[in-house]
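# Coordinate inspection notes
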Amino acid sequence: IKPILEIVNENEHDISTTMKIQPLVGIIMGSDSDLPTMKPCAEILKSFDVPFELSIVSAHRTPNRMFDYAVNAHKRGIKVIVAGAGGAAHLPGMVAALTPLPVIGVPVKGKILDGVDSLYSIVQMPRGIPVATVAINNSTNAGILAVRQLGAFIPGYLEKMQKFMEKQESDVLAKVDKLEE
Ligand code: RP5
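All residue numbers refer to position in the chain's written sequence, counted from 1. Only residues with pLDDT of at least 70 are given local features in this predicted model, and only at 80 or more are side-chain atom pairs given and counted; all residues enter the totals for whole chains, interfaces and linings.

Glancing now at the overall build of the protein chain. Note on conventions: DSSP H or I runs of at least 4 residues are helices, E runs of at least 2 residues are strands, and numbering of each starts at the N terminus. On a plain count of helices and strands, the protein chain comes out with 7 helices and 5 strands. Each residue is classified by how many other C-beta atoms fall within 10 Å of its C-beta atom, where C-beta atoms are placed from the backbone; a count of 20 or more means buried, 12 or fewer means exposed, and values in between mean partly exposed. Across the 181 residues that make up the protein chain, the buried fraction comes to 38%. A separation threshold of at least 6 residues defines the contact pool for the protein chain, and within that pool the share at least 24 residues apart is 68%. C-beta atoms are first placed from the backbone for all residues, and any pair lying within 7 Å is then listed as a contact.

What follows is the structure in structure tokens.
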């Protein structure tokens with residue numbers, strides 16, 4: 001994936017120009033310090049050939065940018081937003097409050113409270129504004145869930161997901177066979 005700062009600096013106000021094809025998933029995170037945690041999400045999307053964009057959008061430090069991103073994402077053709085944040089992790093919930101798109105929240109583990117603070121901040125949404133929350137630091141699952149959501153209306157991704165699951169199963173069964181040899 002492109003280095004995050006390069007993407008942000010490229011054109012801060014038009015993130016979609018960072019890819020030549022229409023991105024379907026928007027990966028956003030509160031800080032560049034979240035990038036190592038969010039990178040697996042980008043990698044899994046790449047492995048499924050899902051076009052995505054990736055940027056820093058902070059609920060606290062750049063609230064106006066967050067508002068612009070959230071209200072415009074669906075107009076730019078984004079179908080799913082994956083939002084990672086740590087600590088007082090308001091980004092996924094605030095974005096979900098502003099967009100009609102599905103939002104997947106990734107609780108990022110910080111240095112102090114082991115990520116439980118992030119998890120609770122993201123998962124405890126009030127009725128009416130859901131955020132699909134994955135496990136602490138598990139941005140891989142956020143990517144996989146995004147592919148499944150796209151698969152509901154793009155058959156190619158559904159087929160790829162079925163193959164991915166079959167391979168996962170056969171990989172485990174091969175290990176079982178080896179253990180039992
Ligand atoms: C949150 O605060 C970010 O999502 C990050 O996980 C955490 C710490 O940010 P930095 O101080 O490392 O920029 O907003």
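A few words on the site of the ligand. Note on definitions: a residue is near a molecule or strand provided its C-beta atom, placed from the backbone, lies within 6 Å of it. M29, G30, S31, S33, D34, S58, H60, A85, G86, G87, V108 and G110 make up every residue found near the ligand. Amino acid classes used here: Ala, Val, Leu, Ile, Met, Phe, Trp, Tyr, Cys and Pro are nonpolar; Asp, Glu, Lys and Arg are charged; the rest, including Gly, are polar. When grouped by side-chain class, the residues that make up the shell around the ligand number 3 nonpolar, 8 polar and 1 charged.

Lines are fitted to the C-alpha atoms to define the axes, a helix being fitted only along its stretch in contact, and any angle between axes, read from their N-to-C directions, falls within 0 to 180 degrees. At their nearest, the axes of helix α3 (residues 63-72) and helix α4 (residues 91-98) sit 8 Å apart, and the two run at 50° to each other. Taken together, the axes of α3 and α4 lie oblique to each other. Between α3 and α4 the crossing geometry is right-handed. Along the contact surface, α3 presents M66, F67, A70 and V71, while α4 presents L91, M94, V95 and L98. Roughly parallel covers angles under 35 degrees, roughly antiparallel covers those over 145, roughly perpendicular covers 65 to 115, and oblique covers all other angles. Each crossing gets its hand from how the near helix is turned against the far one by less than a right angle, where anticlockwise is left-handed and clockwise is right-handed.

Moving on, we get to the pairing of strand β1 (residues 25-29). Extensive coverage of β1 is indicated by the burial of 5 of its 5 residues. Burial of β1 is two-sided: the residues V25, I27 and M29 facing one way and the residues G26 and I28 facing the other way are all buried. By the bridge criterion, 5 bridges tie β1 to strand β2 (residues 52-56) in an arrangement that is parallel. Paired with I27 across the bridge in β2 is L54. Orient the strands so they point away from the viewer; a crossover is then right-handed if the path from the first strand over the helix to the second runs clockwise. You can see the chain leave β1, run along helix α2 (residues 35-47) and come back into β2, and the turn it takes is right-handed. A pair of strands counts as paired when DSSP detects no fewer than two bridges linking them. The pairing of β1 with strand β3 (residues 80-86) spans 5 bridges and is parallel.

Right, let's talk about the nonpolar core for a bit. By definition, a nonpolar core groups buried Ala, Val, Leu, Ile, Met, Phe, Trp, Tyr and Cys residues that are joined through C-beta atoms within 7 Å. Counting 47 residues, the largest nonpolar core has V25, V82 and L91 as the members making the most contacts within it. When sequence neighbours within four positions are dropped, the list of residues in contact with V82 reads V25, I27, C41, I104, V106, A142, G143 and A146.

Overall, parallel pairing links the 5 strands, which are arranged β2-β1-β3-β4-β5 in an open sheet. Since the sheet does not close on itself, it has two edges, and those belong to β2 and β5 (132-133), each with one partner. Where α2 meets the sheet, it contacts β1, β2, β3 and β4 (103-108), and its direction lies at approximately 170° from that of β1.

Extensive coverage of β4 is indicated by the burial of 6 of its 6 residues. Here β4 shows no split at all, with V103, G105 and P107 on one side and I104, V106 and V108 on the other all buried. Here β3 pairs with β4 via 6 bridges, running parallel. Within the sheet, the bridge partner assigned to G86 lies in β4 and is V108.

Residues three or four positions apart in an α-helix share a direction because the helix packs 3.6 residues into each turn. In a regular helix each residue adds 1.5 Å, so 13 residues correspond to 18 Å; α2 covers 18 Å between its end C-alpha atoms and thus fits that length. Those residues of α2 not exposed but buried are T37, M38, C41, A42, I44 and L45. Buried residues along α2 cover an arc of 160° about the axis, so they all sit on one side. Where α2 is buried, its residues contact β1, β2, β3, β4 and α6 (139-151). Two residues or fewer after α2 comes D49, characterised by a positive phi angle close to 60°. One less than the number of residues in a helix, times 1.5 Å, gives the span that helix is expected to have. It is the directions from the helix axis to the C-beta atoms whose arc is reported.

Everything listed is a geometric property; what it means functionally is a separate question.
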